[in-house]
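Listed below are the residues making up each chain.
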Amino acid sequence: MAKNSFAAILYGVITTFVIVLTSSIVLSLLLRFTKIQESSLTWVILTLSFLALFIGGFVSGGKGKQKGWFVGGGTGVLFTLLIFLVQFLGYQTSFSIEQMSYHIGYIIIAVLGGVIGVNMTGKRA
């Protein structure tokens, strides 16, 4: 069970990072080649972040096939841990209160995605 859960969490985190990187590239190109200001995309970025974590949790729940709250939460926690490590080791700063609230929301959304992922892909009796 533990090996299957870790593999499911890994799939979820990889999915989340692919979505985040893809949307970051699209948004950066949009900012570069249009007159859109970064401040006008704040809600778009936040929505895309929540959507990426939800899909990552959904994928991990689907791969894990049980305990969706666990694999979804693991996906959110591992994502948060990786972001914290990059920020702390790369920029020598820790999370602010605002960032902490966002990441708590990310974990909750990933848990919800994991629960729905298990129920959508689980075996029907």
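The chain has the name Putative membrane protein, TIGR04086 family in an unreviewed UniProt entry, where Schinkia azotoformans MEV2011 is given as its organism.

(A) Up close: the confidence of the model for the chain. Averaged over the chain, the pLDDT score is 91; the fraction of residues at 70 or greater is 96%. Per-element confidence in the chain ranges from a low mean pLDDT of 92 for helix 3 (residues 68-91) to a high of 94 for helix 2 (residues 42-64).

(B) Representation of the environment of Ser28 within the structure. Positionally, Ser28 belongs in helix 1 (residues 2-33). In this structure, the C-alpha to C-alpha distance between Ser28 and Glu38, residues 10 residues apart in sequence, is 9.2 Å.

(C) Up close: the packing of aromatic side chains. Considering all chains together, one arrives at six aromatic pairs under this definition. Grouped by ring-pair contacts, the aromatic residues Phe17, Phe50, Phe79 and Tyr106 constitute a single cluster. The ring of Tyr11 carries the charged tip of Lys63 above its face, separated from the ring centre by 4.5 Å.

(D) Region of interest: the nonpolar core. Residues Leu46, Leu53, Phe79, Tyr106 and Ala110 constitute the largest nonpolar core, which totals five residues. Setting aside residues no more than four positions away along its own chain, Phe79 makes contact with Val13, Thr16, Phe17, Leu53, His103 and Tyr106.

(E) Just the environment of Ser23, in detail. Here Ser23 lies in helix 1. Classification of Ser23 as buried rests on a relative accessible area of 17%. In this structure, the C-alpha to C-alpha distance between Ser23 and Thr42, residues 19 residues apart in sequence, is 13 Å.

(F) A look at the UniProt feature "transmembrane region" (unreviewed entry) in the chain. With numbering matched to this structure, UniProt assigns "transmembrane region" (unreviewed entry) to residues 6-31, 43-62, 68-91 and 103-122. The distance separating the terminal C-alpha atoms of residues 43-62 is 28 Å; by composition the span is 100% helix and 0% strand.

(G) Spatial organisation of a nonpolar patch on the surface. Residues Leu81, Leu82, Leu85, Phe88 and Leu89 make up a contiguous nonpolar surface patch of roughly 440 Å² in combined accessible area. Locating Leu89 in the fold gives a position in helix 3.

Criteria and thresholds
Residues numbered from 1 in each chain as written. Predicted model: local features only at pLDDT ≥ 70, side-chain atom pairs only at ≥ 80, totals over all residues. Heavy atoms only, no water. pLDDT = per-residue confidence, 0-100. Helix = DSSP H or I, 4+ residues; strand = E, 2+ residues; numbered from the N terminus. Phe/Tyr/Trp six-rings, centres within 6.5 Å; stacked < 30°, edge-to-face > 60°. Lys NZ or Arg CZ within 6 Å of the ring centre and 35° of its normal. Core = buried A, V, L, I, M, F, W, Y, C linked by side-chain atoms within 4.5 Å. Buried < 20%, exposed > 50% of the residue type's maximum accessible area, 1.4 Å probe, protein only. Contact = heavy atoms within 4.5 Å. UniProt positions renumbered as here; feature names shortened; annotations may be inferred. Patch = residues over 30% accessible without salt bridge, like charges linked within 9 Å, V, L, I, M, F, W, Y side chains within 5 Å. Areas by Shrake-Rupley, 256 points an atom, 1.4 Å probe, with all protein chains shown as cover. Salt bridge = Lys/Arg side-chain N within 4 Å of Asp/Glu carboxyl O.

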